[in-house]
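# Descriptive structure summary
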Amino acid sequence: MAETTYFPRHLILGGALVSGMLLALAVHMLGARYGLDLGGLWRSDSKEFMPAGAAIAWWLIATAGFSGGYSVATLMASAASGRIPNRMRQFLIAVGVLVLAGVGQAASAPSAVPTVAGMLGGLAALVLGTVMAFCGAHFALRRG
């Protein structure tokens, strides 16, 4: 009988952190394409306190980062022992390719957001996605 191999905790945490952060940035780029951008927080032309699109984008990015970090940490912890079915692996690869294709299409279009607001929104999405991916990965590793 073969021994069960486990990934080191720091490797799982790092992989989940990067994957959750990239998923959060992908959601930010796709959301900005459809008018849900964090750049609305820094616009001075809006008379509202906080536009609803910015609030929805904030929650979508946070949810994507947390769920991405949690799911990748769980998958990496179970992958070393060979408990991921082959069909599940193929499904995850197909979903990853589709998300990357959508983000590539969204990133290639011209932006309607002003440059400074877009930069601040991108940095906020990066930080928010990284923090939430860390929280999700840490939560998954503490449960496991």
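Up top is the structure.
Below: a short report on this structure. (Residues numbered from 1 in each chain as written. Predicted model: local features only at pLDDT ≥ 70, side-chain atom pairs only at ≥ 80, totals over all residues. Heavy atoms only, no water.)

### Examining the overall build of the chain
We apply this condition: Secondary structure elements follow DSSP: runs of H or I no shorter than four residues count as helices, runs of E no shorter than two count as strands, and numbering proceeds from the N terminus. Buried, partly exposed and exposed residues are distinguished by accessible area as a fraction of the type maximum, computed with a 1.4 Å probe on protein chains only: under 20%, between the cut-offs, and over 50%, respectively. Any two residues having at least one pair of non-hydrogen atoms within 4.5 Å are treated as being in contact.
Secondary structure assignment for the chain yields 4 helices and 0 strands. For the chain, the sequential pattern of α-helices and β-strands runs α-α-α-α. Scored against the burial criterion, the 144 residues of the chain give a buried share of 30%. Sequence separation of at least 24 residues holds for 84% of the intrachain contacts in the chain that already meet a minimum separation of 6.

### A few points about the packing of aromatic side chains
To be explicit about the condition: Any Phe, Tyr or Trp ring, taking Trp's six-membered ring, that has another such ring centre within 6.5 Å forms a pair; planes under 30 degrees apart are called stacked, those over 60 apart edge-to-face, and the others tilted.
In the structure shown here, the tally under the stated rule is 2 aromatic pairs. Centre to centre, the rings of F66 and F139 are 6.5 Å apart; their planes meet at 35°, and the pair counts as tilted. Placement of the pair is F66 in helix α2 (residues 52-79) and F139 in helix α4 (residues 115-143), with a sequence separation of 73 residues. In this structure F66 comes out as partly exposed when scored by relative accessible area, which is 30%. Centroid distance Y70 to F139: 5.9 Å. Interplanar angle 35°. Geometry classified as tilted. Taken together, the positions of Y70 in helix α2 and F139 in helix α4 put the pair 69 residues apart, joining distant regions of the chain. Take Y70: its relative accessible area is 27%, and that puts it in the partly exposed class. Put simply, the rings of F66, Y70 and F139 pair up and form one aromatic cluster.

### Quick word on the nonpolar core
As a rule of thumb, soluble globular proteins bury nonpolar side chains together. Going by this rule: What makes a nonpolar core is a set of buried Ala, Val, Leu, Ile, Met, Phe, Trp, Tyr and Cys residues whose side-chain atoms join them at distances within 4.5 Å.
Core analysis: the biggest nonpolar cluster contains 9 residues, these being A24, L25, L38, A57, I61, A62, A124, A125 and L128. In this view, A62 contacts L128 and M132; residues no more than four positions away in its chain are not counted. Counting 8 residues, the second largest nonpolar core, distinct from the first, contains A16, M76, A137 and A140.

### Topic: the layout of surface pockets
Convention followed: Cavities and pockets were defined on a 1 Å grid built over protein atoms only: a cavity is a set of grid points that admits a 1.4 Å probe from which the probe cannot escape, a pocket is an open set flanked by protein on both sides within 12 Å along at least five of seven lines, and lining residues are those with an atom within 4 Å of any such point. Grid points are joined across faces, edges and corners, and a volume is the space filled by probe spheres set on the points. Lys, Arg, Asp and Glu make up the charged group, whereas Ala, Val, Leu, Ile, Met, Phe, Trp, Tyr, Cys and Pro make up the nonpolar group; the residues left over, Gly among them, are polar.
Space inside the largest pocket adds up to approximately 580 Å³. In this structure, the largest pocket is lined by 22 residues; those nearest its centre are S19, L23, V72, L92 and G96. The set of elements that each furnish at least two residues to the lining of the largest pocket consists of α1 (9-33), α2 and α3 (86-108). Grouping the amino acids of the lining of the largest pocket by side-chain chemistry returns 16 nonpolar, 5 polar and 1 charged.

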